[in-house]
Structure formats: C-alpha cells, structure tokens
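Residue-level structural notes
So the chains spell out like this:
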Amino acid sequence: MHLNLFIYPGGHHEAAWRHPDSDPASVLDIGYYQRLAQRAEEARFDAIFFADGPALADNIRYASRFRLEPLTWMSAIAAVTSRIGLIGTASTTYYEPYNLARLFASLDHLSGGRAGWNIVTTGAPDAAYNFGLAEHPVHAERYARADEFVDVVTKLWDSWEDEAYVADAVSGVFADTDRIHAIDHVGKHFSVAGPLNTARSPQGRPVYVQAGSSDDGRGFAARWAEAIFTAHQTLGNAQEFYRDIKDRARRLGRPPQQVKVLPGISPVIGSTVREAEERYEDLNALTQPAYSLEQLYRLTGADLSSYDLDGPFPRHLVDVRGDRAVSSRSQLVLDIVDREQPTIRQLLHRLAGARGHRVVVGTPELIADQMQEWYENGAADGFNVMPPWLSGGFELFADEVVPLLRRRGLFRYEYGGSTLRDHFGLTRPPSQYAARYQRAVAVAKGA
C-alpha cells in the first residue's frame, strides 16, 4: 500500500496545538518540518503532503490555521531529503498556468523528480477578495476553469521533449529547437503561447493529485488525477467511491491502476484500546466549542450557536443543496448523524479529529487490521496518514504500525526507485509533442 504523511500545523485534531507535547511556536520553524520529512523518509513513506489556502481562516482565534506557502516549504524539504515525494497544494482559481508550471517544474528538477501537485479549485469565498475579485466563482465555474488550467499546464510541461535538452559541448548545440514547441493555447479562460522556459522535468510531469468527492470532482479526478485524496467514514462508502473512480477512469481510456485512491486516516494509538480512548478523550477535552461550531457551519451551513450542545443534532437545518453540498462534506456529516445519532457535542468531537476524515482509535494491531481490510477489499490503494498531533502522533504510527504492515507484506522495507512516480507505480508520460516531431521528420524524409 501507499502511505503519505499529511503534515498539518501541529497535527490534525483541532486542539492539537494545545497537546502537552506540542510546541506551537515550531509551526513557523522549517527545522520542525524538515525533521518530520526526514522521519517519514526513514519510514519509507511515498510522500509528504502539505495543504494550503489563499485566505486566513475566520477561526484563527482558536486554532493553528495559518499557512506557509507550499512551494517555498517543499524546496526547503527537498534540500534535506533524497527520496520522499513532495506534494503541495496550488489553486487553479488563484494561480496562472505559466507561473505554476514553472514553479512545479523547478521543484521537480531540484528534487530529482519528487514533485506532486495537489490540484484544488479553492472553496474559501474570502480568497476572492485577496485577488481583486468581487466574488468567489461558483463550484461549476471553478471546475471548468480547472479543467482548462490543467490542460494548459500539461502542454507547458510537455513543450520540451525529453531529447530537446542536448548540452553537447563538442557540437556547440545546447538545445534542439525542433523539439521545443509553442503551445499556442487559446481558450475560454487562458491564452498562453509557451513554450516553458525550463527543460522537461525528471518525471516528465509532476504527479497530478486531487482531492474532491463531488460529481464534478470525480469527473475531474477521473480525467486528470493520478492520486486522489478522499474522506470516508465507512468501508462501504469508500468501496463505492473506489469503484466509481476506477470505472470513470477506465471509460476515459485510462488504466485504473494508474489512479491511486488514498483515503485519509487519523490514527489515535495506545498500547491498549482504553489507553487510546483516553488519549482521544484528552484531545477532545481541549477543543473550543466556538471553533468547533464554526467548523460545523462551514461544512453544513447549520448555525448551532444557540443550541444545547448536549441535545440532539437538528438535522433539518442542514441544507443539502447549494455549493456546500456539492463539496460532499455536508453529506458525510449527515451520514454520521443518521448512522450514530450523536448529540451536537458528540458530533463536534467526531469532526474535531480530522475535519471529516476517518479517525481510528485503538492499538497498533487494530489500526493495521482496519487499514488492511480497506486495502484488500477494494476501498483504498493506500492512505493519507493524518496524525492527530505532531510529532508524537506520527512517531507512534511509524514505530508501532508501520512494522506490522511490513510483516504482513503490505508495505515496503526499502524504496524501489527515486521519483514519486516510482513510489506510486505510475508510468512516466511521453510528451504529447513527440509525435508531432516524428511526423515532421517523416515528412522531411519523404520530401
């Protein structure tokens, strides 16, 4: 199975920064992140993953919610690691294709082929005001722009064929200009001439990663994504998503094994189940209700600030229409409510662990059992590991769970390659312009 370490400032539980072993000041210290990445590399993880959003969260008062810029962050990580993949988030709504193509191509070169792009459309409405827009584009518009955006970036990454970079000191030829192509893209959202001003990167293209479970998101993932981060609470829901994504990819002519489905899992680990439960309860006791209610509002649109936290969740307040519903998280919350009938406080605690991703509380054996069950029963190709607090929550997973997965033949002892594509078992794509060059050569010979 494939394993990524999802690094979230302080950890994924919303109260992680208040954990006794946490050091809140370290979230601005690159050494802290470098050590986490090195530890993940020692454990032979496929990649580390870094999220981002181009606006300050409203609930910064109660949680570590600011963001370091991912490309800067990953460049600093690349300098102290040699194998682990580097996946960072960049928005198709608030970047321009040429600039983003240069950034990720540069990272892929400088890391020796370890870059991955987590493609997002950005769901935060406040981001629009930071980029001179009067309003945030609606869901469907963002995905239409994203589709063209990725098409343009792909052309730019392909605009240098592999053989274009010659650097032949004897002949004096630095680059074969016949193998460097203008892309001349003119579309609804972008007009980009190209070519890129950087040679083709070691992976051909950085790995395309996507997170989104709406119908628009699934369609986009089936066309473009090579790894998909997703959130599911039950085996059945995860299996449905897995089947659907693989079927959609197959219908588009893509080999299903070239699309890796990686659900999030947040493991709370103890030497006994009771010890793990106590750890989880201790973290939940540190939550701030005002923060938790704001998070729930963002997920569902339900304002519960005037409700008794120990009363039943008022399901009728959740509007399953509109932009929030399309993101799929509203439905995920409703599924928890229908399945477990929690009080509002219990629901807040359920979501506090990982914002709707699956929290598993138990012994290392129980964690490994559940991961194995999902992996072997068509629900996951691996997992995005989301430690509840850092760095201790990850150390427990690396020391206690990873060895169990290895002994069961489920996870590598050593890397089999040097690039992120190698780790994920993904093919290196050819440049789409190589065929054009070959046709031109054939025509010239015929003439």
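Each remark here, short or long, concerns the structure printed above.
Below is a summary of the structure that appears in this document. (Residues numbered from 1 in each chain as written. Predicted model: local features only at pLDDT ≥ 70, side-chain atom pairs only at ≥ 80, totals over all residues. Heavy atoms only, no water.)

1. Considering the overall build of the chain
- Of regular secondary structure, the chain possesses 15 helices and 13 strands.
- Expected size for 447 residues packed as a compact globule is a radius of gyration near 22 Å; at 23 Å, the chain falls within 12% of this value.
- Structurally, the chain occupies a C-alpha span of about 80 × 50 × 40 Å along its principal axes.
- Evaluated residue by residue, the chain yields a buried proportion of 56% over its 447 residues.
- Here the contacts in the chain between residues at least 6 apart in sequence split such that 78% fall between residues at least 24 apart.
- About 18800 Å² of surface is accessible on the chain, with carbon and sulfur atoms providing 50% of the total.
- Between the mean site of the 47 positive side-chain charges and the mean site of the 56 negative ones, the chain shows a separation of 4 Å. (Helix = DSSP H or I, 4+ residues; strand = E, 2+ residues; numbered from the N terminus. Rg over C-alpha atoms; globule rule 2.2 N^0.38 Å. Buried < 20%, exposed > 50% of the residue type's maximum accessible area, 1.4 Å probe, protein only. Contact = heavy atoms within 4.5 Å. Areas by Shrake-Rupley, 256 points an atom, 1.4 Å probe, with all protein chains shown as cover. Lys, Arg positive; Asp, Glu negative; His and termini not counted. Charge placed at Lys NZ, Arg CZ, Asp CG, Glu CD.)

2. Let's talk about helix H13 (residues 392–407)
- The terminal C-alpha atoms of H13 lie 23 Å apart, and with 16 residues this matches the ideal 22 Å at 1.5 Å per residue to within 8%.
- The largest bend in H13 comes to about 35°, at Val 401, with the proline Pro 403 one to four residues further on.
- Those residues of H13 that sit buried are Gly 393, Phe 394, Phe 397, Ala 398, Val 401, Val 402, Leu 404, Leu 405 and Arg 406.
- Among the structural elements, strand E1 (2–7), helix H1 (30–42), strand E11 (260–269), helix H12 (364–376) and strand E13 (382–385) are those in contact with the buried residues of H13.
- Gly 409 sits one or two residues past H13 and shows a positive phi near 75°. (Expected span 1.5 Å × (residues − 1). Bend = angle between axes of the 7 residues up to and from the residue.)

3. Focus on the packing of H1 against helix H2 (residues 70–78)
- As a packed pair, H1 and H2 sit with axes 9 Å apart at the nearest point and diverge in direction by 60°. In this view, H1 runs oblique relative to H2, as classed from their interaxial angle. By crossing handedness, the relation of H1 to H2 is classed as right-handed. Contacts between H1 and H2 involve Ile 30, Tyr 33, Gln 34 and Ala 37 from the first element and Trp 73, Ala 76 and Ile 77 from the second.
- Residue composition of the contact of H1 with H2, by class: six nonpolar, one polar and no charged. (Axes fitted to C-alpha atoms, helices over the stretch in contact; angles between N-to-C directions. Parallel < 35°, antiparallel > 145°, perpendicular 65-115°, else oblique. Left-handed = near helix turned anticlockwise from the far one by under 90°. Nonpolar A, V, L, I, M, F, W, Y, C, P; charged D, E, K, R; others polar.)

Geometric descriptors of this kind do not, in isolation, establish any biological role.
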